[in-house]
There are 2 protein chains.
Amino acid sequence: MAIEVISENASHGGVQGVYKHASAATGTDMTFSVFVPSHEPGAKLPVVWYLSGLTCTSANVTEKGEFRAACAELGLIFVAPDTSPRGDGVSDDADGGYDFGLGAGFYVDATQEPFAKNYRMWSYITDELPAFVAQHFPADRTRQSIMGHSMGGHGALTIALRNADVYRAVSAFSPIVAPSQVPWGEKALSGYLGGDRATWRLHDAVALIYDGARFPDILVDQGEADQFLAVQLKPSLLAEACNEAGIALTLRLQPGYDHSYYFISTFMADHLRWHAERLY
Amino acid sequence: MAIEVISENASHGGVQGVYKHASAATGTDMTFSVFVPSHEPGAKLPVVWYLSGLTCTSANVTEKGEFRAACAELGLIFVAPDTSPRGDGVSDDADGGYDFGLGAGFYVDATQEPFAKNYRMWSYITDELPAFVAQHFPADRTRQSIMGHSMGGHGALTIALRNADVYRAVSAFSPIVAPSQVPWGEKALSGYLGGDRATWRLHDAVALIYDGARFPDILVDQGEADQFLAVQLKPSLLAEACNEAGIALTLRLQPGYDHSYYFISTFMADHLRWHAERLY
């Protein structure tokens, strides 16, 4: 499959690229970014997947995430996919909301029309894009990990919990831990998956844990001044589930921090060290 | 004078703010950003001034500059002003160019109409804004330094060379070192200062050095893949002038790097360490 180079810039000793390809999963062109640090010729490096939050594209973390210095130091490839399919003919929220449709794919394979045709972000992130990245970059598919922010934290947690044999580490910034129990998640999961809440449990980290999914350990940073903390994020639900399941959750509540990239960038290097310790 | 808080976000242990105030120098509202790291109550911290390049506002470096981790570690306040006056009634390039008028103030006090009324960035940066910042933030005005990128590198060099008693350090990323000798500079200086090239010499780092201005040492990073290197930037002219004048110039040509914030962010921490060594 062909890769289109949108841009490549030298940065922190490596190359920060933005690329486009035709996705079979979504039936659309998809844009993503990849940082490849300096490395020995022929070497394959572990890959950290970063899933972004509502309204974001790959550009937000690429420009504001402050991950490159740590990735260069630790020898990590950093891949940031888009958050939904886009383009002519891709259905959007009929009400124009920011929290459903374009920019809000919620990392599921939709079963409901008119979304089932394009909104197949689960397959795209877990299957198609990893294979595509391994074709075009020096990525070691046996050493992958995943992280994300908000909706992307939800994506990272659910993908890791259901694929604990594939991802060696998982972490999240201010994740939606229990979408079945909060407004953002109820809107998205009902819209993409329909009204049968049993089908939602495969896309709800807390429900997955109660249903038996396991991961050795999880790192979560959550700003205490995050405007979405009480209504949409509810990390205490994850703490309770991990406690019952015996999952080692490191949940750090960060006083004064909000939901923005000013928060994410502050703790990004900590997260990447967490990942590197489990990838090397 | 009143300060309007546009935003304040916790980041890297400190606060990244964006502010607005009514400038007497420019006769307009001016927006700027300030990062204040965590510090002891009552402490005054040294201030690093960062001047941005053509088309930028304070937002570019604030979002993409990756300066906060180093400023937090080193105890530096980081101030990023806008690059020109803006607002209703502020004259712009009559031809719509990006390299003159709005976003392209070139850090001079214009003498030519219709620009003389608002384009007074020299006075704003060297006089009004430092006093205003010292009123509202824990800034030690006896410990200031200055840096910048491209047009802002030009601003930093000329301001430091003419105020070597005020700024304890100066550095630049891909600066316009000799505006009198390159197209960007010839357009800007003729437009703001008129056709008498003698008046330009006060706003040309290379000319200032040949005319006797001195600074102890200067750090410059320049990407070798910078598309503007040969025609607009010409760092060799600065190297020749510093060599003749006995100024210790550290000019680092960085293979593969371009003119973007991917380049700037790579070497930002190096520059801040250079500044901290001269501020503490």
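Because the structure is predicted, anything quoted here is derived from the model rather than measured.

**Points about the overall build of chain A**
Point 1. In terms of regular secondary structure, chain A is built from 9 helices and 9 strands.
Point 2. In terms of C-alpha radius of gyration, chain A reaches 17 Å, essentially the compact-globule figure of 19 Å for 280 residues.
Point 3. The principal-axis extent of the C-alpha atoms belonging to chain A is close to 50 × 40 × 35 Å.
Point 4. Expressed as a percentage of its 280 residues, the buried residues of chain A come to 61%.
Point 5. Long-range contacts, defined here as pairs at least 24 residues apart, represent 72% of the contacts in chain A between residues at least 6 apart.
Point 6. By element, 50% of the accessible surface of chain A is carried by carbon and sulfur atoms, the whole surface being about 9,900 Å².
Point 7. Within chain A, the 32 negative side-chain charges are centred at a point lying 3 Å from the centre of the 19 positive side-chain charges.

**Some details on helix H9 (residues 235-245) of chain B**
All names here are of chain B.
Point 1. Where H9 is concerned, the buried positions are Pro235, Leu237, Leu238, Ala241, Cys242 and Ala245. Angularly, the buried residues of H9 cover 150° about the axis, an arc narrow enough to put them on a single face. Opposite the packed face of H9, turned more than 90 degrees from it, sit the exposed residues Asn243 and Glu244.
Point 2. At its buried positions, H9 is contacted by helix H4 (151-162), helix H7 (205-210), strand E8 (217-223), helix H8 (229-233) and strand E9 (248-254).
Point 3. Of the residues flanking the end of H9, it is glycine 246, one or two places downstream, whose phi is positive at about 75°.

**A short note on the side chain of Asp258(B)**
Point 1. Inspection of the secondary structure puts Asp258(B) in the loop between E9 and helix H10 (261-279).
Point 2. Summary of buried charges: Asp258(B) has no salt-bridge partner, and the nearest side chain of opposite charge, Arg68(A), is 11 Å away.
Point 3. Looking at Asp258(B), its side chain comes within polar contact range of the side chain of Asn9(A), at 2.6 Å.
Point 4. At 2.7 Å, the side chain of Asp258(B) and the side chain of Ser260(B) are in polar contact.

**What about the relation of the copies chain A and chain B?**
Point 1. The transformation that overlays chain A on chain B combines an axial shift of 0.0 Å with a rotation of 180°, and the residual RMSD is 0.0 Å. In the structure described here, the two chain copies are related by an operation that fits a two-fold rotation axis. Closest approach to the rotation axis among the C-alpha atoms of chain A is made by Lys64(A), whose C-alpha sits 2.8 Å away.
Point 2. In this assembly the copies share their binding face: 100% of the residues contributing to the interface of chain A also contribute to that of chain B.

**Side note on the side chain of Ser180(A)**
Point 1. Structurally, the position occupied by Ser180(A) is in the loop between strand E7 (167-173) and helix H5 (183-193).
Point 2. Sequence-distant contacts of Ser180(A), defined by excluding residues within four places in its chain, comprise Glu186(A), Leu189(A), Arg197(A), Trp200(A) and Asp204(A).

**Brief notes about the packing of helix H3 (residues 121-136) of chain A against helix H4 (residues 151-162) of chain A**
Residue and element names in this part refer to chain A.
Point 1. The geometry of H3 relative to H4 is characterised by a closest axis approach of 12 Å and an angle of 60° between their N-to-C directions. Here H4 runs oblique to H3, going by the angle between their axes. Judged by the sense of rotation from one axis to the other, the crossing of H3 with H4 is right-handed. Residues Trp122, Ile125 and Thr126 of H3 form the contact with H4, whose own contacting residues are Thr158, Ile159 and Arg162.
Point 2. Its residues assigned to classes, the contact of H3 with H4 shows 3 nonpolar, 2 polar and 1 charged.

Criteria and cut-off values
- Residues numbered from 1 in each chain as written.
- Chains lettered and ligands numbered in written order.
- Predicted model: local features only at pLDDT ≥ 70, side-chain atom pairs only at ≥ 80, totals over all residues.
- Heavy atoms only, no water.
- Helix = DSSP H or I, 4+ residues; strand = E, 2+ residues; numbered from the N terminus.
- Rg over C-alpha atoms; globule rule 2.2 N^0.38 Å.
- Buried < 20%, exposed > 50% of the residue type's maximum accessible area, 1.4 Å probe, protein only.
- Contact = heavy atoms within 4.5 Å.
- Areas by Shrake-Rupley, 256 points an atom, 1.4 Å probe, with all protein chains shown as cover.
- Lys, Arg positive; Asp, Glu negative; His and termini not counted.
- Charge placed at Lys NZ, Arg CZ, Asp CG, Glu CD.
- Arc of directions from axis to C-beta.
- Salt bridge = Lys/Arg side-chain N within 4 Å of Asp/Glu carboxyl O.
- Polar contact = N/O pair within 3.5 Å; in protein donor to acceptor, adjacent residues only side chain to side chain.
- Least-squares fit on C-alpha atoms with pLDDT ≥ 70 in both.
- Axes fitted to C-alpha atoms, helices over the stretch in contact; angles between N-to-C directions.
- Parallel < 35°, antiparallel > 145°, perpendicular 65-115°, else oblique.
- Left-handed = near helix turned anticlockwise from the far one by under 90°.
- Nonpolar A, V, L, I, M, F, W, Y, C, P; charged D, E, K, R; others polar.

Function-wise, these values are silent; they only describe arrangement.
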